[in-house]
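If you want the building blocks of each chain, they are given just below.
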Amino acid sequence: MAKEKRTETEAALPDDGVMFRELFENSATGVALFSIGGRFLRVNPAMCRMLGYSEPELQQKTHLDVIHLDDLEAAAMSRAQVISGKAKSRLAERRYVHKDGSTVWAQVAGAVVRDASGAPLCTVLFANDVSGLKRAVRSSELRFRRMVEMSSDWYWVQDEQFHFVEVPGLDHQGDDTDIVLGKARWEIAGLAPLPEKVWEQHRAKLSRHESFSDFMFLRHNKSGELRYLSVSGEPLFDEQGRFRGYHGIGKDITDRARDQKALEDSEERYRMLFDVQPQPMWVVDAKSLAFLAVNGAAMRLYGY
């Protein structure tokens, strides 16, 4: 019975040649067969669509003719090492040049077909067009950078030791990036005195790899002016979950801080004048008529 089932299954399967042709012709993945010298031998429709050439046109070319100039050396070296057996084929990203001159990004993997003795006969390339994904990622990065630019004065990135490695936009604030790069936040020159307890709490939060918002400190800029700075950040981790540093945004809030200080000083002066005024004074809510504030003269006059 089991033998009969195997026979039926085998009868239902097409022979290897038919199966290969079906997969080759109808695959959504670009497939190309090359001679050991690198000339196109066979190309499936998906690869033709990706590069914009017909199969006869590609058969007049080598793989080096369609690879982007910036990836040419790495591709040639990788192919030679795989054919010689010095390296194994691996998944990689590579740029190609479309017939119309545009750049095509592809995720590629290759294989070497060998005879019984191990001698190479030809190579096979599998390629998936990821140009759309690349454009989407680039667009997303541009939108993110634009959002950062609109919501902050500069963007910053730190390594695992909390040293700054990028501070784009800081030069627009009248500072040289050289005085920041390679330093931790508390090592930057020109910092105004801040209680050590505040820095200890900040460093402890960083060592725990926690996000933080609106950490404020004061610093003298190149011209000696004292500026109020506010930074927010979050930790960076790689795909394996290993800590890689921090990134975040920074704002110069000097004007806001001065306005707030002026408002507090104004309110303090108003409170002092209100309290020492010899005439009875009070403040009531416009809707409920409830007393909100009453000075000493009014309490003495009315006995409440």
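Structure: see above.
Here the structure is a predicted model, which means the values were calculated and not measured. (Residues numbered from 1 in each chain as written. Predicted model: local features only at pLDDT ≥ 70, side-chain atom pairs only at ≥ 80, totals over all residues. Heavy atoms only, no water.)

1. Considering the layout of surface pockets
Rules: Computed over the protein atoms alone on a 1 Å grid, cavities are sets of points where a 1.4 Å probe fits but cannot get out and pockets are open sets with protein on both sides within 12 Å along at least five of seven lines; a residue lines them when it has an atom within 4 Å of a point. Grid points are joined across faces, edges and corners, and a volume is the space filled by probe spheres set on the points. Where helices and strands are cited, they refer to DSSP runs of H or I of at least four residues and of E of at least two residues respectively, numbered from the N terminus. Basically, the charged four are Asp, Glu, Lys and Arg, the nonpolar ten are Ala, Val, Leu, Ile, Met, Phe, Trp, Tyr, Cys and Pro, and anything else, Gly included, counts as polar.
Here the largest pocket is characterised by a volume of approximately 510 Å³. Taken together, 28 residues form the lining of the largest pocket, with Ala75, Ser78, Arg79, Arg94 and Val108 sitting closest to its centre. Where the lining of the largest pocket is concerned, the elements lending two or more residues are helix 5 (72–84), strand 3 (92–97), strand 4 (103–114) and strand 5 (120–129). In terms of residue count, the dominant contributor to the lining of the largest pocket is helix 5 (seven residues). Taken together, the residues that form the lining of the largest pocket break down as 16 nonpolar, six polar and six charged.

2. Comments concerning the nonpolar core
Rules: Grouping buried Ala, Val, Leu, Ile, Met, Phe, Trp, Tyr and Cys residues that are joined through side-chain atoms within 4.5 Å yields what is termed a nonpolar core. Only protein chains enter the accessibility calculation, which uses a 1.4 Å probe. A residue is then buried if its area is under 20% of the maximum for its type, exposed if over 50%, and partly exposed in between. The criterion used for residue contact is that any of the two residues' heavy atoms lie within 4.5 Å.
Ranked by size, the top nonpolar core spans 19 residues in total, and within it Phe40, Met47, Met50, Leu51, Leu58, Val66 and Tyr96 carry the most contacts. Broken down by secondary-structure element, the contributors of at least two residues to this core are strand 1 (30–35), strand 2 (40–43), helix 3 (45–51), strand 4 and strand 5. Among the elements that make up this core, the one with the highest residue count is helix 3 (four residues). With sequence-adjacent residues up to four places away left out, Tyr96 is seen in contact with Met50, Leu51, Val66, Ile67, His68, Ser102, Thr103, Val104, Ala106, Val108 and Leu125. Grouped together as the second largest cluster of nonpolar side chains are 16 residues, Trp154, Trp156, Phe164 and Tyr246 included.

3. Looking at the pattern of salt bridges
Opposite charge on two side chains permits pairing when their charged atoms draw close. Put simply, the test is: Any carboxyl oxygen of Asp or Glu that lies within 4 Å of a side-chain nitrogen of Lys or Arg is treated as forming a salt bridge with it.
Taken as a whole, this structure holds 12 salt bridges when the rule is applied. The partner of Arg244 in a salt bridge is Glu160, and the shortest N-O contact between them spans 3.2 Å. On the criterion of sequence distance, the pair formed by Arg244 in strand 10 (residues 243–252) and Glu160 in the loop between strand 6 (154–158) and strand 7 (164–166) is long-range, its members being 84 residues apart. With relative accessibility at 38%, the residue Arg244 sits in the partly exposed group.

4. Brief notes about the sheet that holds strand 8 (residues 212–220)
Counted only if it meets this: Strand pairing is defined by DSSP finding a minimum of two bridges between the two strands. What counts as an axis is a line fitted to C-alpha atoms, over the stretch in contact for a helix, and the angles between N-to-C directions run from 0 to 180 degrees.
Strand order in this open sheet of five strands is 7-6-10-9-8, and the pairing throughout is antiparallel. Looking along the sheet, the strands with just one partner apiece sit at the ends: strand 7 and strand 8. Pairs of neighbouring strands in the sheet enclose a mean axial angle of 35°, with direction left out of account. Pairing of strand 6 with strand 10, which is carried by five bridges, proceeds in the antiparallel orientation. Bridging across to strand 10, Gln158 finds its partner in Tyr246. Relative to strand 8, helix 7 (residues 196–207) is tilted by about 135°, and along the sheet it contacts strand 8 and strand 10.

5. Details of the packing of aromatic side chains
Counted only if it meets this: A pair of aromatic rings is counted whenever rings of Phe, Tyr or Trp (Trp by its six-membered ring) have centres within 6.5 Å, and the orientation is called stacked for planes under 30 degrees apart, edge-to-face for over 60 and tilted otherwise. A ring is scored as having a charge over it whenever the NZ atom of a lysine or the CZ atom of an arginine sits within 6 Å of its centre and within 35 degrees of its normal.
For the coordinates displayed, the defined rule picks out 15 aromatic pairs. Measuring from ring centre to ring centre gives 4.5 Å for Phe34 and Phe40, while their planes differ by 50°; the resulting arrangement is tilted. Neither Phe34 nor Phe40 differs from the other in exposure class; each is buried. Ring plane angle 80° and centroid distance 5.9 Å describe the contact between Trp156 and Phe164, whose orientation is recorded as edge-to-face. There is no split in this pair, since Trp156 and Phe164 are both buried. Feature note: the residues Trp156, Phe162, Phe164, Trp186, Trp199, Phe212, Phe215, Phe217, Phe237, Phe243 and Tyr246 constitute an aromatic cluster, connected by ring pairs. The ring of Trp156 is capped by Arg185, whose NZ or CZ atom sits 4.7 Å from the centre of that ring. The cationic tip of Arg203 hangs over the ring face of Trp186; the distance from NZ or CZ to the ring centre is 5.2 Å.

Any link to function would need more than the numbers given here.
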